[in-house]
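Geometric and topological summary
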Amino acid sequence: MLAIALGVLMSTAAATPSLEQRIDDAAARVESKVIACRRDIHEHPELGNREVRTTKLVADRLRALGIEVKENVAHTGVVGLLRGGKPGRVVALRADMDALPVTEQVDVPFASKVRTTYNGQEVGVMHACGHDAHVAILLGVAEVLSGIREQIPGTVKFLFQPAEEGAPAGEEGGAELMVKEGALENPKVDAVFGLHVTSRFAVGEIEYRPEGMMAAVDSFKIVVKGKQTHGAYPWLGVDPIVVASQIVLGLQTIPSRQLDSTVAPSIVTVGAIHGGVRNNIIPDQVEMIGTIRSLDAKMRDDLHARIKRTAESIASSAGATAEVAITSGYPITYNDPALTEKMAPTLRRVGGAKNVHVVNAVLGAEDFSFYQQNVPGLFFWVGTRPPDQTPEQAPSNHSPLFYVDERGLLLGVRALAHVAVDFLSAR
Ligand SMILES: [Zn+2]
Ligand SMILES: [Zn+2]
């Protein structure tokens, strides 16, 4: 009798899968739905702040899962709230939804044929950065987690965000506006996680980096004012073209000669110079614009001060003036070191230790950084490069040939679902 009772007890125990196993089983079950959803969104891409169809699809799916939905956040954003069966903290998971003004050249049945007008130009529209995959993955995560909601100790907030690639001219948008409109409040978010698919890494891989993972991107404009004169008598004026040339070279010595490049790399690029109308006239002024990339917050401030000082001092040495205006763009995508250390074992468990790596930072930027300015966050790469291609062969994000190997999506679903649950379960 005892033996039978014990046997029943043991088989019951064996038949009750762990939470971890339930997440993986549910993720495997939604995989085909995630792929179908990604193809649907891929075929119907929408530019930033115009994600109307995508938003409706997201809101409908979340509601069908019994998730509270708030629409029209930061224009076309959607915030979903899944309250777990037990009390606890709040974790946010983010997916960006916008496509790019790129004409697709990938030969797939669900390739985009959408065209629109962008900045007065007729363009194709394509999910050339993989945000279609991000939306599909996060909807998959929502389905997985809603199936185990009774066992979730806390709340999961789903941030479906518009306009990561930048809002149309004259509009606000993206993560910055999501934060401004309270996406991280009510309930207050304790940690935020996000991922990006990339052709730099193969299917099955996860990569991340503690601290600065992607750069802050700031832009500058320098107006050098001299004194107009005849090209044959430069001593009668002040030549802003020569001064501007010295400034271009002077700026290059800031990252290479003045900043500690072992702490973090940085870049100053002058992208355009305009001045003058004729071969024999020294003009009054020259205008330069450029981009600044940095990976360390202190270095970012220092870099800005040095750019200003270098331009002004060089100009003043020639009797000219330089007006420097720096416009802040996206902050550093900064993975909170403590949170990263806490969640890295989850990523290794989910992806397999040999497939999860700490990688170098990149000098591209992500507006996920705005969430990380407000709450600790972790952003990571999920590989979607076909395993038979090398990183050099695979077209990069933003290319008209950018290709997502959909076999990589399941790992994205599992990774986000597990980091969310592990974060909430940790004491
Ligand atoms: Zn992009
Ligand atoms: Zn992107």
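Conventions and cut-offs
- Residues numbered from 1 in each chain as written.
- Chains lettered and ligands numbered in written order.
- Predicted model: local features only at pLDDT ≥ 70, side-chain atom pairs only at ≥ 80, totals over all residues.
- Heavy atoms only, no water.
- Helix = DSSP H or I, 4+ residues; strand = E, 2+ residues; numbered from the N terminus.
- Buried < 20%, exposed > 50% of the residue type's maximum accessible area, 1.4 Å probe, protein only.
- Donors = N, O, S within 2.8 Å, 3.2 Å for Na, K, Ca; no water.
- Phe/Tyr/Trp six-rings, centres within 6.5 Å; stacked < 30°, edge-to-face > 60°.
- Expected span 1.5 Å × (residues − 1).
- Pairing = 2+ DSSP bridges.
- Axes fitted to C-alpha atoms, helices over the stretch in contact; angles between N-to-C directions.
- Contact = heavy atoms within 4.5 Å.
- Patch = residues over 30% accessible without salt bridge, like charges linked within 9 Å, V, L, I, M, F, W, Y side chains within 5 Å.
- Areas by Shrake-Rupley, 256 points an atom, 1.4 Å probe, with all protein chains shown as cover.
- Salt bridge = Lys/Arg side-chain N within 4 Å of Asp/Glu carboxyl O.
- Left-handed = near helix turned anticlockwise from the far one by under 90°.
- Nonpolar A, V, L, I, M, F, W, Y, C, P; charged D, E, K, R; others polar.
- Disulfide = S-S within 2.5 Å.
- Core = buried A, V, L, I, M, F, W, Y, C linked by side-chain atoms within 4.5 Å.
- Polar contact = N/O pair within 3.5 Å; in protein donor to acceptor, adjacent residues only side chain to side chain.

So, unusual backbone geometry
For the peptide bond that leads from Asn186 to Pro187, omega is -5°, which places it in the cis range. Tracing the backbone shows Pro187 in the loop between helix H5 (174-180) and strand E7 (191-202). The phi angle at Ala163 is positive, at roughly 55°, despite the residue not being glycine. Locating Ala163 in the fold gives a position in the loop between strand E6 (153-161) and H5. Residue classification places Ala163 among the buried positions, given a relative accessible area of 1%. Unlike most non-glycine residues, Glu211 shows phi in positive territory, near 65°. Considering the arrangement of structural elements, one finds Glu211 in strand E9 (residues 211-214).

Digging into the coordination of the zinc ion (ligand 2)
At the metal site, the zinc ion (ligand 2) is ligated by Cys129 (SG), His131 (NE2) and His196 (NE2), and these contacts range over 2.1 to 2.5 Å. Counting residues between consecutive donors of the zinc ion (ligand 2) along the chain gives the motif C-x1-H-x64-H. Between the zinc ion (ligand 2) and the zinc ion (ligand 1) the interatomic distance comes to 3.1 Å, and Cys129 is a ligand of both metals. By relative accessible area, Cys129 is classed as buried at 8%. Residue His131 is classed as buried on the basis of its relative accessible area, which comes to 0%.

Let's talk about the packing of aromatic side chains
Geometry of an aromatic ring pair is reported as the spacing of the ring centres plus the angle between the planes. Scanning the entire structure with this criterion turns up six aromatic pairs. Seen from their ring centres, Phe193 and Phe423 are 6.1 Å apart, and the 70° between their planes marks the pair as edge-to-face. Note that Phe193 is positioned in strand E7 and Phe423 in helix H10 (residues 409-425), a separation of 230 residues in sequence. By the burial criterion, Phe193 is buried, and Phe423 matches it. Here the aromatic rings of Tyr233 and Trp235 are separated by 6.0 Å at their centres, their planes lie at 65°, and the arrangement is edge-to-face.

Points about the coordination of the zinc ion (ligand 1)
In the first shell of the zinc ion (ligand 1), the protein supplies Cys129 (SG), Glu165 (OE) and His398 (NE2), at 2.0 to 2.3 Å from the metal. On the primary sequence, the residues serving as donors to the zinc ion (ligand 1) are separated as C-x35-E-x232-H.

Let's talk about helix H3 (residues 52-64)
Helix length check: H3, at 13 residues, gives a terminal C-alpha distance of 18 Å against a target of 18 Å (1.5 Å per residue), a fit within 8%. Within H3, burial applies to Thr54, Thr55, Leu57, Val58, Ala59 and Leu62. Phi turns positive one or two residues past the end of H3, at Gly66, with a value near 80°.

Let's talk about the sheet that holds strand E8 (residues 206-208)
Pairing is mixed in the open sheet, where eight strands are placed in the order E1-E2-E6-E3-E7-E18-E8-E17. Looking along the sheet, the strands with just one partner apiece sit at the ends: strand E1 (68-73) and strand E17 (356-358). Taking the axes of each pair of neighbouring strands and ignoring which way they run, one obtains an average angle of 25° across the sheet. As defined by bridge partners, E8 adjoins strand E18 (residues 377-385) across two bridges and the pair is classed as antiparallel. Looking across to E18, one finds that Glu207 is bridged to Trp381. Along the sheet face, helix H4 (residues 131-147) touches strand E2 (77-83), strand E3 (86-96), E6 and E7 and points at about 160° away from the line of E3. Sitting on the sheet, helix H8 (residues 337-351) touches E7, E8, E17 and E18, and the angle it makes with E18 is about 25°.

Things to note about a nonpolar patch on the surface
Together, Tyr233, Trp235 and Leu236 make up a nonpolar patch on the protein surface, roughly 390 Å² of accessible area in all. Given the relative accessible area of 41%, Tyr233 is considered partly exposed.

Considering the sheet that holds strand E15 (residues 321-328)
Pairing in this open sheet of four strands is antiparallel, and the strands run E12-E14-E10-E15 from one edge to the other. The sheet terminates laterally at strand E12 (266-275) and E15, the two strands that pair on one side only. Here the average twist between neighbouring strands, direction ignored, is 20°. The pairing of E12 with strand E14 (residues 285-294) spans nine bridges and is antiparallel.

Side note on the packing of helix H2 (residues 19-43) against H4
In contact at an axis separation of 8 Å, H2 and H4 are set at 145° when each is read in the N-to-C sense. Pair H2 / H4 crosses with right-handed handedness. Only Asp132, Ala133, Val135, Ala136, Ile137, Leu139, Gly140, Glu143, Val144 and Gly147 of H4 make contact with H2, whose side of the interface consists of Arg22, Ile23, Ala26, Ala27, Val30, Lys33, Val34, Cys37, Arg38, Ile41 and His42. Tallied by class, residues from the contact of H2 with H4 come to 13 nonpolar, three polar and five charged.

Observations regarding the state of the cysteines
Scanning the entire structure with this criterion turns up zero disulfides. We note that Cys37 lacks a disulfide partner, and the nearest cysteine sulfur, in Cys129, lies 17 Å from it.

Quick notes on the nonpolar core
Core analysis: the biggest nonpolar cluster contains 70 residues, and Leu145, Phe158, Phe160 and Phe193 have the highest contact counts within it. Top contributing element to this core by residue count: H10, with eleven residues. For Phe160, the contacting residues outside a window of four places in its chain are Val58, Leu62, Gly77, Val78, Ala95, Met97, Val135, Leu138, Leu139 and Met178. Val73, Val90, Val192 and Val375 belong to the second-largest nonpolar core, a separate cluster that totals 27 residues.

Here we look at the side chain of Asp24
Take Asp24: it is sitting in helix H2. There is a polar contact of 2.8 Å between the side chain of Asp24 and the side chain of Arg414. Discounting residues that sit within four places of it in the chain, Asp24 has contacts with Arg414 and His418.

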